[in-house]
Amino acid sequence: MKQVTFHNTLSRKAEPIVPTKGNVVGMYCCGPTVYAQAHIGNFRTFLAQDVMRRVLQTAGYKVIHVRNITDVDDKTIARSIEEGRQLTEFTEHWTQIFHADCERFNMLAPQIEPKATEHIAEQIAMIEQLIQRGHAYASDDGSVYFRVSSFDEYGKLSRLKERQLLTDAPANDTPVDSDEYTRDSAADFVMWKSRKPTDGDVYWDSPWGQGRPGWHLECSAMAMKYLGNNLDIHSGGVDLTFPHHENEIAQSECSCGHEKKFFKYWIHAAHLLVDGQKMSKSLDNFYTVDDIAAKGYPPVVLRYALTSGAYRQTINFTLDTLGAAQSALVRLKKFSDELLAEAGLKRASVLKEIAKGKHLHDDWDPFADAWKKLTHDMNIAGALGAIFTAIKAKPGPEALIPFHKLIFALGYDLDQVVIEKPKVDVPEDIKILAQKRWDAKQAKDWATADALRDELAAAGWKALDRKDGFDLEQL
RNA sequence: GGCGUGGUAGCCAAGUGGUAAGGCCGAGCUCUGCAAAAGCUCUAUCGCCGGUUCGAUUCCGGCCCACGCCUCCA
């Protein structure tokens, strides 16, 4: 039974994943625009995609994971010019930081990570096909637009027809970009943007003159190139449903003469709020992995906090949830440690085997319920509940593999979990007091020992005894 | 205005037409001189009002509140 279901935005229902081709699931994820460090909201989505992939792999599918890097757009160009750096150098810098963050989160690296700037030819070819088929037109200034009215199915993903768009936008909302005026219809979107002074030296030659690709186009061209035969899953944040994904569908399906459906399953992750509001720098609730790490929480704790809620539901992130995540992870780690110690195995080697697919049997006992929850539209919260319930029943050594298969699927790097409190520098006088208490204790002079404990407490310290000594903790 | 999501214990959060998983925190107990650790136990009638039903937190209708999207955005 390797059935995995996900909620498909196209049908608005949870559907079992049936790959286009055999046992291979093609999975395209809209990746980051590399102009700054990704924030935890971005990672909420990327982490959901990572678990999605891990669940599919654990179920026995071979996943081809493609995640693009958007390395040319208004923001990357503007910021790089601001900083006086070459676009490639600038985007390379942020790409590296993105990769480092992904690693810290223990995310599986996509097998293919295409960059927009390295697929200009494919994008131009797609535009040419669209023009040929009458779905696109060039304007006088050399920009090319997709003619939305030429595609009957436009809007099928976001249910555009059922919505009444806000049309009376304030006058100053009208884009000043010259190419915006030359569109035949307000709904038409740009696929090729003619070169502007604000683009600096960023441009490519094309049949329509110098310019650069529009944002929606790269995903279409690269997804078709790398997953043309495995158009299974396409995912991203909810905000991409419209217009980004709608436009991708239009471009892609029209470019091939409607021979192919551009992806069977569209999966969207909800947004993240911080303290009940949208993250923003002005509200001082804008966090990156570094910000959370600086507060003493390793990335695995943040990963837990960002993934333990339903992926299709907005989560409200607060710093308090990190404490809960930390404590829960400690329990998982302790359980893992016990099982491994009993079996005389190392966590890394067990997980490595699982990652390689060496334990693809369906023997999930005693975690069958947890796995079932995980494969049913990725119910991570439900799965965690089932895991803790199973742990409470104190299962035997047979739990080792199923438990670690779940840990693999959830992607928690338990080695990052710190069970002991970090050692802190203890002032000399406190050390002396504590030593005196220890000596009194050894002499079974309880009265003195207790008095010294009180003194320590008054100074803000607490002694934690071990068999052969003591640790000190700040109150 | 249109479309959509959510309101479950102090906090976070699953779930189901038949009297509510789990995590965190807190409290009590057990166990160790004390403390810590560990273990055990305890804490909700599911926003409000109607309806359908033998029975609804779960279905339907209305209302209130919060939030998201409506062409920059994970």
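Criteria and cut-off values
- Residues numbered from 1 in each chain as written.
- Chains lettered and ligands numbered in written order.
- Predicted model: local features only at pLDDT ≥ 70, side-chain atom pairs only at ≥ 80, totals over all residues.
- Heavy atoms only, no water.
- Axes fitted to C-alpha atoms, helices over the stretch in contact; angles between N-to-C directions.
- Helix = DSSP H or I, 4+ residues; strand = E, 2+ residues; numbered from the N terminus.
- Parallel < 35°, antiparallel > 145°, perpendicular 65-115°, else oblique.
- Left-handed = near helix turned anticlockwise from the far one by under 90°.
- Contact = heavy atoms within 4.5 Å.
- Near = heavy atom within 4 Å.
- Polar contact = N/O pair within 3.5 Å; in protein donor to acceptor, adjacent residues only side chain to side chain.
- Nonpolar A, V, L, I, M, F, W, Y, C, P; charged D, E, K, R; others polar.
- Salt bridge = Lys/Arg side-chain N within 4 Å of Asp/Glu carboxyl O.
- Buried < 20%, exposed > 50% of the residue type's maximum accessible area, 1.4 Å probe, protein only.
- 1 Å grid on protein atoms, 1.4 Å probe; cavity = no way out; pocket = protein on both sides within 12 Å on 5 of 7 lines; lining within 4 Å.
- Points joined across faces, edges and corners; volume = space filled by probe spheres on them.
- Domains from an automatic or database assignment.

Participant: Please provide a residue-by-residue account of the packing of helix α9 (residues 319-343) against helix α13 (residues 400-410), values included.
Facilitator: A pair of packed helices is captured by two measures, namely the crossing angle of their axes and the spacing between those axes. For the pair α9 and α13, interaxial distance at closest approach is 10 Å and the crossing angle is 140°. One element, α9, and the other, α13, form an angle in the oblique class. Once α9 is placed against α13, the crossing between them reads as left-handed. Along its contact with α9, which presents Leu332, Phe335, Ser336, Leu339, Leu340 and Ala343, the element α13 presents Leu400, Phe403, His404 and Ile407.

Participant: Give a description of the protein's contact with RNA strand B that names residues and reports values.
Facilitator: Neighbouring RNA strand B are 43 residues, the closest being Trp215, Gly237, Leu240, Lys278 and Asp450. Taken together, the sugar and phosphate atoms account for 66% of what RNA strand B places within 4 Å of the protein. Measuring from a sugar or linking oxygen of RNA strand B, one finds a backbone N or O atom of Gly237 at 2.3 Å. Contact distances for RNA strand B include 2.9 Å between a base oxygen and a side-chain N or O atom of Arg453. Listed by contribution, the elements that provide at least two residues to the surface near RNA strand B are α1 (40-59), β9 (233-237), β11 (272-274), α9, α12 (380-392), α14 (428-442), α15 (446-458) and β14 (461-465). Looking at the surface near RNA strand B residue by residue, the class counts come to 15 nonpolar, 14 polar and 14 charged.

Participant: Give me the pattern of salt bridges: which residues, what numbers.
Facilitator: Here the structure, examined in full by the defined rule, presents 24 salt bridges. Between Glu92 and Lys115 there is a salt bridge; the shortest N-O distance is 3.2 Å. Within this pair, whereas Glu92 is found in helix α3 (residues 87-104), its partner Lys115 is found in the loop between α3 and α4 (120-132), the two being separated by 23 residues in sequence. Residue classification places Glu92 among the partly exposed residues on the basis of a relative accessible area of 32%. For Lys431, the salt bridge goes to Glu428, with nearest N and O atoms at 3.8 Å. A residue pair is termed a helical-turn pair when its members lie 3 or 4 positions apart in one helix, as Lys431 and Glu428 do in helix α14 at 3 residues. Within the structure, one salt-bridge network assembled from shared partners comprises Asp74, Lys193, Asp199 and Arg212.

Participant: Quick one: what's the story with empty space enclosed by the protein, residue by residue and with numbers?
Facilitator: Within this structure, the stated rule accounts for 1 cavity of 30 Å³ or more. Every residue along the wall of the largest cavity is listed here: Arg44, Leu47, Ala48, Leu306, Thr307, Gly309, Tyr311, Met378 and Ile380. Element by element, the count of residues in the lining of the largest cavity is highest for α1, at 3 residues. Considered class by class, the residues forming the lining of the largest cavity number 6 nonpolar, 2 polar and 1 charged. Built from parts of two domains, the lining of the largest cavity gets at least three residues from each of domain 1 (5-269) and domain 2 (273-416).

Participant: Lay out the environment of Val34 with the relevant residues and their values.
Facilitator: As for its position among the elements, Val34 is in the loop between β3 (24-29) and α1. Given the relative accessible area of 1%, Val34 is considered buried. Separated by 42 residues in sequence, Val34 and Thr76 have C-alpha atoms that sit 6.8 Å apart. Once residues lying within four places of it in the same chain are set aside, the contact partners of Val34 are Ile69, Thr70, Asp71, Thr76, Phe90, Thr91, Trp94 and Thr95.

Participant: Please provide a residue-by-residue account of unusual backbone geometry, values included.
Facilitator: Cis geometry is found at the peptide bond from Phe242 to Pro243, where omega equals 5°. Of note, Pro243 is situated in helix α6 (residues 241-255). The amide bond that connects Asp365 to the next residue, Pro366, takes the cis arrangement and shows omega of 5°. When you line up the elements, Pro366 lands in the loop between α10 (347-355) and α11 (368-375). The phi torsion at Met378 lies on the positive side, around 50°, for a residue other than glycine.

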